[in-house]
Amino acid sequence: MRHLEKVEPFTRERARQIDSVAMDRYGIPGIVLMENAGLRSADIILSALEEFDEPRSVTILAGKGHNGGDGYVIARHLHNHGVNVNVMGIGTKNTGSSPSKPGSYIETYGSLKRKEIAEKYGLKAPEEDVDEADVNLAIAQKMGIRVVEVGTELELENIPHFLEESDIVVDALLGSGIQGAPREPYDKLIEMINDSGSLVFSVDLPSGLDVNTGETPGKCVRADHTITFAAAKKGFLETDRTRYVRPDTYRGYLRAPRGVRYRGRRRRMKLTFLGTGTSLGVPVIGCSCPTCTSNDPRNRRTRPSALLEIEGKKLCIDIGPDFRQQMLANSVTHLDAILVTHAHADHILGINDITALNVSMAEPACLYMSGQSLYNVRKIFFFAFSTSNGVSSSPDFHVHTFDDEPFEVEGIPVIPLPVLHRTCRYAASGSGTSPT
Amino acid sequence: MSVRGFRFGNLAYVTDAKEIPATSIELLKGVDVLVLNSLKYNRSHPAHLNVVEACELIERIGPGQAYLTHIGHDIHHERVSKLLPENVRLAYDGLEVSA
């Protein structure tokens, strides 16, 4: 992942301009742009889905425009990966055309330049105007993916049931071209998405959000993740980020290939082990083994955490139940970022103590974690995510999510390293295992 | 449960690993300082590496210096330290390392 705040955020006009440059100057067909957007989104959703023990289904709500087209591409790729996908579309019956000729989309934009491109590459211009979204809808249908029309094949009142039964809901309703309050049935669908309790991914931007101003003139999707393209959108920075573009969780393309080795300048850094113990700490309550009764301070271990100091920045790795003691023992009053390796208790239970840091820092803390960790942290620390909790003593923080791609923290490149933490099963293996 | 370790330039911090996929091993190569988890000495655990397993991985990755963390009470600092290879040490609360 590339942390998009480092790129000048796009306005509606700039986003259009970039699309047009890609198509006109470079001759990248619109349907290829749509494919890239949908494929990348599908990858992100697939990796989020891996975190569910027994994935049930993904529901995609696809609007009439290109945003809906992205949704059909996502549906196709998820379907190919064996995911149980429900697709609910708007305007799916209005199109009858199902063009499949290669290159026929070239005419869509109707400009001379694109005709020239078509001629140059020997592509046949279509007889009629086609839309990339229609093309992708038709492909999905030919693949046997059932796309139900909202309002006719599926009554609005039956939709919440599907949304609640889905692990993930994909909001591909309205894109960045839309201005003003969402009309029926979009407004009702947005409300249903927000009430679903499922993990919500918005494509390009949360439906209902004004891309330039961040205003929400009507209903707006409260996205857990926003998968946006090329750059963050200006409105993301303006809007109530705790509510709509939920704490900075938008992601975009990584320009450098994944796995690119760190080749930046050498940075001096210092790592302090704040805690080196296992989940129970050492000594263990009630234990009289030689380690637990040792006088050597090196045998007294608090829960695992480390402080990395680099170029004047302080990054804390994990925030377990001993976080408070660790901050006190090391005289830490300010952290530039807290990175979470995973959401097990011994790595996150100190989050409530951010409340005290908020006072000394006079600002919210910045947490970095995976989407799965965020999902669990939100369940445990639900009160910290409530927009109307009225509790002044709850921790104040922003969450930035990452997946498996490099990202930056305060200008410092970080490469996430996925590792496997096998689920603890205390079978009678004779190995004398204990919960950790 | 998927866990992420982190690499910051020439230093990497990995905890709560039982296995490290080959792709992550590749990303770890070339670090000067590697932090890795070890729960017990040589008894196996379903979710965590032990010291023996961690040392095997350290040998494959080849950091200048490795530190073990997430340590349980099976590991007595002084006793186990004597058994470790030259470039592997047990971390302890308050230890500072430069990279």
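See the structure above.
Residues numbered from 1 in each chain as written. Chains lettered and ligands numbered in written order. Predicted model: local features only at pLDDT ≥ 70, side-chain atom pairs only at ≥ 80, totals over all residues.

Chemist: Quick rundown of the nonpolar core? Include the residues and the values.
Modeler: Counting residues in hydrophobic clusters, the biggest one holds 71 residues, and the most contacted among them are Ile338(A), Val340(A), Ala12(B), Leu34(B), Val35(B), Leu36(B) and Leu68(B). When residues of this core are assigned to their parent elements, the largest contribution, 5 residues, is made by helix 2 (residues 51-61) of chain B. Apart from the residues lying within four places of it in its own chain, the contact partners of Val340(A) are Asp318(A), Ile319(A), His347(A), Ile348(A), Leu367(A), Tyr368(A), Met369(A) and Ser373(A). In this structure, Ile74(A), Ala133(A), Ala140(A) and Leu173(A) belong to the second largest nonpolar core, which totals 52 residues. (Core = buried A, V, L, I, M, F, W, Y, C linked by C-beta atoms within 7 Å. Buried ≥ 20, exposed ≤ 12 C-beta atoms within 10 Å, placed from the backbone. Helix = DSSP H or I, 4+ residues; strand = E, 2+ residues; numbered from the N terminus. Contact = placed C-beta atoms within 7 Å.)

Chemist: Tell me what's going on with helix 1 (residues 12-25) of chain A, and back it up with residues and numbers.
Modeler: Helix length check: helix 1 of chain A, at 14 residues, gives a terminal C-alpha distance of 19 Å against a target of 20 Å (1.5 Å per residue), a fit within 8%. Positive backbone phi, at 70°, marks Gly27(A), one or two positions downstream of helix 1 of chain A. (Expected span 1.5 Å × (residues − 1).)

Chemist: Quick one: what's the story with the interface of chain A and chain B, residue by residue and with numbers?
Modeler: Between chain A and chain B, the contact holds 59 residues from the first and 51 residues from the second. Broken down by secondary-structure element, the contributors of at least two residues to the side of chain A that touches chain B are strand 8 (269-275), strand 9 (305-310) and strand 15 (412-420) of chain A. Of the residues forming the side of chain A that touches chain B, the biggest block, 8 residues, is contributed by strand 15 of chain A. Among the residues making up the side of chain A that touches chain B, the classes are represented as 27 nonpolar, 22 polar and 10 charged. Where strand 15 of chain A meets strand 1 (residues 2-8) of chain B, 6 bridges bridge the pair, whose relative direction is antiparallel. By the bridge assignment for strand 1 of chain B, Leu417(A) is matched with Gly5(B). (Nonpolar A, V, L, I, M, F, W, Y, C, P; charged D, E, K, R; others polar. Pairing = 2+ DSSP bridges.)

Chemist: Tell me about the pairing of strand 1 of chain B, and please be specific about residues and values.
Modeler: Regular strands show a simple pattern: their side chains alternate between the two faces of the sheet. All names here are of chain B. Burial runs high along strand 1: 6 of the 7 residues are buried. Alignment of strand 1 against strand 2 (residues 11-13), held across 3 bridges, turns out to be antiparallel. Counted as the bridge partner of Phe 8 is Leu 11 from strand 2. Between strand 1 and the antiparallel strand that follows it, strand 2, lie 2 residues; Gly 9 among them carries a positive phi value of about 60°.

Chemist: Quick one: what's the story with unusual backbone geometry, residue by residue and with numbers?
Modeler: All names here are of chain A. A cis amide bond links Glu 184 to the next residue, Pro 185, at an omega of -5°. Examined against the element boundaries, Pro 185 turns out to sit in the loop between strand 4 (168-172) and helix 7 (186-195). Residue Pro 283 is reached from Val 282 by a cis peptide bond, and omega for that bond is 0°. Relative to the assigned elements, Pro 283 resides in the loop between strand 8 and strand 9. Of note in the backbone geometry, Ser 331 takes a positive phi value of approximately 50° without being a glycine. With respect to the helices and strands, the residue Ser 331 is situated in the loop between helix 9 (323-329) and strand 11 (337-339). Although it is not a glycine, Ala 362 sits at a positive phi angle of roughly 55°. Locating Ala 362 in the fold gives a position in the loop between helix 11 (354-361) and strand 12 (365-370). For Ala 362, a count of 8 C-beta atoms within 10 Å translates into the label exposed.

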